[in-house]
Amino acid sequence: MAKNIQSIRGMHDILPDATPAWQYFEKTVRTLLNGYGYSEIRMPIVEQTDLFKRAVGEVTDIVEKEMYTLESRQDTEGGEAFGMALRPEGTAGCVRAGIQAGLIFNQQQRLWYAGPMFRAERPQKGRYRQFTQVGVETFAIAGPDIDAELIAMGARLWKQLGLTNIHLELNSLGTLEARQAYRELLVEYFSAHHELLDEDSKRRLLTNPLRILDTKNPAMRDLVAAAPNLHEHLDSESAEHFAQLQNLLDGMGIPYRINPRLVRGLDYYSRTVFEWVTDALGSQGTVCAGGRYDGLVEQLGGRPTPACGFAMGVERLILLMEAQGIQTPSAAPDVFLIMAGDAALRAGMAIAEQLRDAIPGLNLVSNCGGGNFKTQMKRADKSNAHFALILGENEVQRAEIGLKPLRGSGEQINLPISQLVEQLPLLMAAAQQQ
Ligand code: HAM
């Protein structure tokens, strides 16, 4: 027998027993984002590789090690061949789309998107090669008010989902110029202690020295702790922006911890950066992260435009919902329709369509694939429906239908088929009350 083909490591199916939680999450997040006046944007999953090199940064882990690139193809109209990549994140594509469509020319935008992202990381719990982000990006709003709004949206979402134990870590990286000056200081400091650096940090010293601050290596803890502090080297406007942001968060009663070591793994950030972190998921505890990226629009060819956003990892949030025992509303059918015999099948399929016409939102599952009464009744029980509607040859002859509550203690009753459209919604409502 041929060997079964398995899904690719780190790329998972979301099976039917898991989709209700996903749908609940998606609905909650969509309602929340609409409620803050954000509009949805949908971008392609594949973009030119150069977009991510220019936006995320050529020497970041994401671009250097984790990007899935596709064979380049000649454009059919004879244009130049270009490399393509599965998107590792959404900000770059969103900025590209915004510039291309003229959405961020002389106007504010508040946008959101949701969809799969791809990174060739080593898979583990909470870290996948295909994962889902819900991302939010805002354009042409320079002040800390929008940073605060984005953070408040996160806090509200956790509350609405019933999630606890998610903490906010906050930092400011200053302007790109201030960061550059700080970077030089760091290089000087770490070069003077070169013998204490691990291999990874030696490499980062040449490519992205700020990332050394992010090291998880306990042997380097003291060295990193004594490194120059970014906050002492912030430009005055960034320091003011950061102070105002804290003031707004205090005003809204949103707690945070200032973490001067929070530097983020993507190059486009300036000023505010933040992460929502939980310790309930092991090492992959960042459920949502983002910040300000005031230089990116210009860097990708648009007019200079301030921008700020975040993205959350949906798989991690769903894991957290499970870990915290959050119940999601069940999608059980209202009715399971049993049809035993040919005449019952013919009448029943027509009745099912009449009910769907008459009762908006009705969730009715018809028995398909035949089976005797007992088999069909088992399927009805398994479906978790509130009621079984029962149609056999006798019922068809008498123009009646049986209605049996499948939960609780109610008895089966028989109704004239002609009254079903009127009676079923009443019986369903009464059952809801119990
Ligand atoms: P990021 O920190 O790379 O930022 O990813 C955001 C979130 O996506 C993470 O906090 C995590 O929850 C989730 N995530 C990342 N990688 C994985 C993975 N391999 N498996 C599962 N979940 C993952 C960004 O992508 C930025 N574009 C965020 C942003 C938007 N900044 C400004 N605007």
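Refer to the structure presented above.
What counts as what
- Residues numbered from 1 in each chain as written.
- Predicted model: local features only at pLDDT ≥ 70, side-chain atom pairs only at ≥ 80, totals over all residues.
- Heavy atoms only, no water.
- Helix = DSSP H or I, 4+ residues; strand = E, 2+ residues; numbered from the N terminus.
- Buried < 20%, exposed > 50% of the residue type's maximum accessible area, 1.4 Å probe, protein only.
- Contact = heavy atoms within 4.5 Å.
- Polar contact = N/O pair within 3.5 Å; in protein donor to acceptor, adjacent residues only side chain to side chain.
- 1 Å grid on protein atoms, 1.4 Å probe; cavity = no way out; pocket = protein on both sides within 12 Å on 5 of 7 lines; lining within 4 Å.
- Points joined across faces, edges and corners; volume = space filled by probe spheres on them.
- Pairing = 2+ DSSP bridges.
- Axes fitted to C-alpha atoms, helices over the stretch in contact; angles between N-to-C directions.
- Expected span 1.5 Å × (residues − 1).
- Arc of directions from axis to C-beta.
- Near = heavy atom within 4 Å.
- Areas by Shrake-Rupley, 256 points an atom, 1.4 Å probe, with all protein chains shown as cover.
- Nonpolar A, V, L, I, M, F, W, Y, C, P; charged D, E, K, R; others polar.

Draft legend 1. Region of the structure containing the environment of Tyr293. Relative to the helices and strands, Tyr293 is located in the loop between strand S10 (286-292) and helix H10 (296-299). Note on Tyr293: relative accessible area 1%, which makes it buried. Sequence spacing of Tyr293 and His233 is 60 residues, and the spatial spacing of their C-alpha atoms is 19 Å. Ignoring sequence-local partners within four residues, the contact set of Tyr293 consists of Thr91, Val95, Glu137, Thr138, Phe139, Tyr268, Tyr269, Ser270, Ala307, Cys308 and Gly309. A distance of 2.6 Å separates a polar atom in the side chain of Tyr293 from a polar atom in the side chain of Glu137.

Draft legend 2. Just the layout of surface pockets, in detail. Size it by volume and the second largest pocket reaches roughly 660 Å³. Along the wall of the second largest pocket there are 31 residues; nearest its centre are Ile14, Trp22, Thr132, Val314 and Glu315. For the lining of the second largest pocket, the elements supplying multiple residues, two or more each, are helix H1 (19-35), strand S5 (109-118), strand S6 (130-139) and helix H11 (314-323). Per-element accounting of the lining of the second largest pocket gives the leading share, 6 residues, to S5.

Draft legend 3. Main features of the sheet that holds strand S11 (residues 307-313). The 8 strands lie next to each other as S1-S5-S6-S11-S10-S9-S7-S8, forming an open sheet whose pairing is mixed. Pairing within the sheet leaves two strands with one partner each, and these edge strands are strand S1 (39-40) and strand S8 (257-258). Alignment of strand S7 (residues 167-172) against strand S9 (residues 272-277), held across 6 bridges, turns out to be antiparallel. Considered in S9, the bridge of Leu170 is made with Phe274. Across the sheet, helix H5 (residues 144-161) lies against S5, S6, S7, S9, S10 and S11, angled at about 20 degrees from S11, the strand it touches most.

Draft legend 4. Just empty space enclosed by the protein, in detail. One pass over the structure, following the stated rule, counts 2 cavities of 30 Å³ or more. For the largest cavity, the calculated volume is near 50 Å³. What lines the largest cavity is Val59, Thr60, Asp61, Glu64, Arg203, Arg204, Thr207, Asn208 and Arg211. Looking at the lining of the largest cavity, the elements with two or more residues in it are helix H3 (61-65) and helix H7 (199-207). Broken down by element, the residue count for the lining of the largest cavity peaks at 3 residues, all from H7.

Draft legend 5. Focus on H1. The terminal C-alpha atoms of H1 lie 24 Å apart, and with 17 residues this matches the ideal 24 Å at 1.5 Å per residue to within 8%. For H1, the complete set of buried residues consists of Ala21, Trp22, Phe25, Thr28, Val29, Leu32 and Leu33. Down the axis of H1, the buried set is contained in an arc of 135 degrees. They therefore lie on one face. What points out from H1, more than 90 degrees from its buried face, is the exposed set Lys27, Thr31 and Gly35. In this structure, the buried side of H1 is in contact with S5, S6, H5, S11 and H11.

Draft legend 6. Broad picture of the sheet that holds strand S13 (residues 364-366). Read across the sheet, 5 strands follow the order S13-S12-S14-S15-S16 without closing on themselves; strand pairing throughout is mixed. Whereas interior strands pair on both sides, the edge strands pair on one side only; in this sheet they are S13 and strand S16 (413-416). Between one strand and the next, the sheet's axes are offset by a mean angle of 25 degrees, whatever the strand orientation. Pairing between strand S12 (residues 335-339) and strand S14 (residues 387-391): 5 bridges, direction parallel. In the strand pairing of S14, Phe336 is matched with Ala388. Against the sheet, helix H12 (residues 342-358) engages S12, S13 and S14, with an angle of about 160 degrees to S12.

Draft legend 7. A look at the site of the ligand. Close to the ligand lie 26 residues; Glu89, Thr91, Glu121, Glu137 and Tyr269 are nearest. Contact between the ligand and Phe310: a nitrogen atom at 3.3 Å from a main-chain N or O atom of the residue. At a separation of 3.2 Å, an oxygen atom of the ligand approaches a polar backbone atom of Gly313. Protein chains shield 96% of the accessible area of the ligand, which is 660 Å² for the free molecule. Listed by contribution, the elements that provide at least two residues to the shell around the ligand are S6, S10 and S11. Here the shell around the ligand takes 6 residues from S10, the largest share from any one element. Counted by class, the shell around the ligand contains 11 nonpolar, 8 polar and 7 charged residues.

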